[in-house]
Amino acid sequence: MASIRIDHGIVLTMDPQRRIIKDGSVVIEGDRIVAVGKTADLAGAHPADQVLDATDKIVMPGLVDCHVHHCQTLLRGLANDIDLIAWCYDITYPYESVLTDEDTYLSALLADIEMIRTGTTTVADPGGYRMDHVARALIDSGLRGIICWAAMDQWSVDRPLPDGLPGKTTTDEAISQQERLIKEWHGAANGRLRASCGLRVEPNVSDALYRRTQALSEKYGVLVQFHAAVNRDQVEWVRRHTGQTTIEHMHTLGVLQENWLLTHMAVLTDHEVELLYRQGTRLCHNPGATLKGAYGAIRHGKFPEMIEAGLTVGTGCDSTAANDSLDMFRTMYLVATAHKEFRLQADLIPPEKALEMATITGAKALMWDDQIGSLEPGKKADVIVVDVRRSNWVPLHDFSLVPTLVYSGDGADVETSIVDGQIVMRDRRILTVDVDDVLERAQHAAKGIVARLRAAGVPHMGKLLPRWPVV
Ligand SMILES: [Zn+2]
């Protein structure tokens, strides 16, 4: 069994005591962490096949991104500066309708490269429709991840879905597609892959689909990922059709449960926060997407209150067409800053909380904290090494370690990444995939997608013109 020992690092354990061990080691055997402590105590007792020197480096758990759409990476640049509803129905769904299997695989690999490069080791994908190819990319890239089918079973004249969208299905088919992915992928690749249930957005989900998805998730003991209360328009749509808000309606249906991960949650009442707290429902905050897409999660949302109350709140980057970065360092920065400005309160959401959301609490949001999210013996070996002998980290004090990580750190500072005991990036070189080859093929594939969208007469494409002369 291959073993790795990382020595002389500043080990940010994220264990229950939140210990930070200076001149520390992490010992890995196979896919597991077997020891964490002072290098002086561990080096002699744990000879290893490979020893990595982490002097002047932080050794920490790999980051957990609770929300990334792998299939939307090739949409980068096509959906800027538009309202969420237009973002979904005018461009994103038409885009997902023309994707091929190979486009999806390349889009996913490209996302995985960006995530590995910036320290993410686990990602939850809230769904698309060619998810077997996302699974394939996760297996090839070496990342840990959750996939699902983003189920839909209803649509209306005010929110039309393109005919070629694979997600435009009956309730039965939406359920069977979810179940097929769970049967095929949940637990694959030494447990590195999981599958969950998934629902897309309120206007496309019938009451029957909510209920049957909950039953399916109970049958398999899996998470349900759902975009809920993304902005005011969505909540108003639910109110018009049910007389309730999203969370109240879910509660009425009996699906506001602890295995649900609700993402965005931009428009909420105090009563809904109370319901979420009582039910133990999990949440994901995507600050980059709400800031760019003007959803309202900073202005109207209750994330500071929900975090303070102890709800399980993870965080995510969303997609390269919504945020548009997959760098969790940037996301941690936004979590710890955006609310301060809006509430005029400089100590709101401390950096330690943002780091927890990106590691151990994020793992809990994905129902995976028994295995990942911290550096502790017995847990899966998902570890990153961050170089802090760089201009953006100096000076560094014991008391400013985590604040500097969140406020000054950058994904580009991540030097080495280990997932499930496998080194996927070493000294900033990704070892699992040929990066140059993927970049070239992804660029080529994206041009093909643009051509197909133009040929299909998608009106939004007519708006995509350079605002400045390109000569
Ligand atoms: Zn999403």
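Shown above is the structure to which this text applies.
All chains use their own residue numbering, which begins from 1 and follows the written sequence. The model is predicted, so local features are restricted to residues of pLDDT at least 70 and side-chain atom pairs to those at 80 or more, both for listing and for counting; the totals for chains, interfaces and linings are taken over all residues. Derived side-chain values reflect all non-hydrogen atoms in the structure, with water molecules and hydrogen atoms excluded from consideration.

1. Examining the packing of helix 2 (residues 84-98) against helix 16 (residues 435-455)
Note on geometry: axes are C-alpha line fits, over the in-contact stretch for helices, and angles between N-to-C directions span 0 to 180 degrees. A run of H or I in DSSP counts as a helix once it spans at least four residues, and a run of E counts as a strand once it spans at least two, with each numbered from the N terminus. Contact geometry for helix 2 and helix 16: axes closest at 10 Å, N-to-C directions at 110 degrees. Put simply, helix 2 runs roughly perpendicular to helix 16. As helix 2 packs across helix 16, the resulting crossing turns out to be right-handed. In contact with Ile91, Pro94, Tyr95 and Val98 of helix 2, helix 16 contributes Ile449, Arg452 and Leu453. When residues are grouped by polarity, Ala, Val, Leu, Ile, Met, Phe, Trp, Tyr, Cys and Pro land in nonpolar, Asp, Glu, Lys and Arg in charged, and all others, Gly among them, in polar. The residue makeup of the contact of helix 2 with helix 16, split by class, is six nonpolar, no polar and one charged. Angles below 35 degrees are treated as roughly parallel, those above 145 as roughly antiparallel, those between 65 and 115 as roughly perpendicular, and all remaining angles as oblique. Should the near helix be turned counterclockwise from the far one by less than a right angle, the crossing is left-handed, whereas a clockwise turn marks it as right-handed. The criterion used for residue contact is that any of the two residues' heavy atoms lie within 4.5 Å.

2. Re the nonpolar core
Remark: nonpolar core denotes a set of buried residues (Ala, Val, Leu, Ile, Met, Phe, Trp, Tyr, Cys) joined through side-chain atoms within 4.5 Å. Note on classification: 1.4 Å probe, protein chains only; a residue is buried when its accessible area is under 20% of the maximum for its type, exposed when over 50%, partly exposed between these limits. The biggest cluster of nonpolar side chains holds 129 residues, and the ones touching the most others in it are Ile58, Leu262, Leu276 and Leu405. Excluding residues that lie within four positions of it along the chain, Leu262 makes contacts with Phe226, Ala228, Ile247, Met250, Leu256, Leu276, Thr281, Arg282, Leu283 and Cys284. Val26, Leu375, Ala381 and Ile418 belong to the second largest nonpolar core, which has 17 residues in total.

3. Remarks on the coordination of the zinc ion
Each metal's donors are the N, O and S atoms within 2.8 Å of it, or within 3.2 Å when it is Na, K or Ca, and because water is not part of the set, sites may look incomplete. Note on the zinc ion: its protein donors are His67 (NE2), His69 (NE2) and His227 (NE2). The metal-donor distances range over 2.0 to 2.1 Å. Within one chain, the residues serving as donors to the zinc ion are arranged as H-x1-H-x157-H. Taken together, the residues His67 in the loop between strand 6 (63-65) and helix 2 and His227 in strand 11 (residues 224-228) connect sequence positions 160 residues apart. Each member of the pair, His67 as well as His227, is classed as buried.

4. Here we look at the sheet that holds strand 8 (residues 144-147)
Two strands qualify as a pair provided that DSSP identifies no fewer than 2 bridges between them. As summarised here, the arrangement of the four strands in space is 6-7-8-9, forming an open sheet in which the pairing is parallel. The sheet is open, and its two edges are formed by strand 6 and strand 9 (193-195), each paired on a single side. The sheet shows a mean angle of 15 degrees between the axes of neighbouring strands, taken without regard to direction. Helix 5 (residues 171-185) rests against strand 8 and strand 9 of the sheet, and its axis sits at about 155 degrees to strand 9. Sitting on the sheet, helix 12 (residues 328-343) is in contact with strand 6 and strand 7 (120-124), with an inclination near 80 degrees to strand 6.

5. Some words on the pattern of salt bridges
Two side chains that carry opposite charge are able to pair once their charged atoms sit near each other. We define a salt bridge as a contact between a side-chain nitrogen of Lys or Arg and a carboxyl oxygen of Asp or Glu at a distance within 4 Å. Tallied over the entire structure, the rule returns 32 salt bridges. Taking the shortest distance from any N to any O, the salt bridge between Arg32 and Asp31 comes out at 3.8 Å. Residue classification places Arg32 among the partly exposed residues on the basis of a relative accessible area of 30%. You can call Asp31 buried: its relative accessible area is 18%. Here Arg441 and Asp437 are joined by a salt bridge, their closest N and O atoms 2.8 Å apart. Within this pair, Arg441 and its partner Asp437 are both found in helix 16, separated by four residues, close to a single helical turn. Note on Arg441: relative accessible area 32%, which makes it partly exposed.

6. What to know about the pairing of strand 5 (residues 57-61)
Taken across its five residues, strand 5 has five buried, putting it largely inside the fold. The sheet contact formed by strand 5 and strand 15 (residues 383-387) spans five bridges and is antiparallel. In the strand pairing of strand 15, Lys57 is matched with Asp387.

7. Description of the environment of Tyr295
Within the secondary structure, Tyr295 is located in the loop between helix 10 (287-293) and helix 11 (303-309). Given a relative accessible area of 7%, Tyr295 falls into the buried group. For the pair Tyr295 and Leu261, spaced 34 residues apart in sequence, the C-alpha to C-alpha distance is 18 Å. Every residue in contact with Tyr295, bar those within four places of it in the chain, is listed here: Leu84, Val230, Asn231, Arg232, His264, Ala266, Ala289, Thr290 and Ala322.

Any functional reading would require information that these geometric values do not contain.
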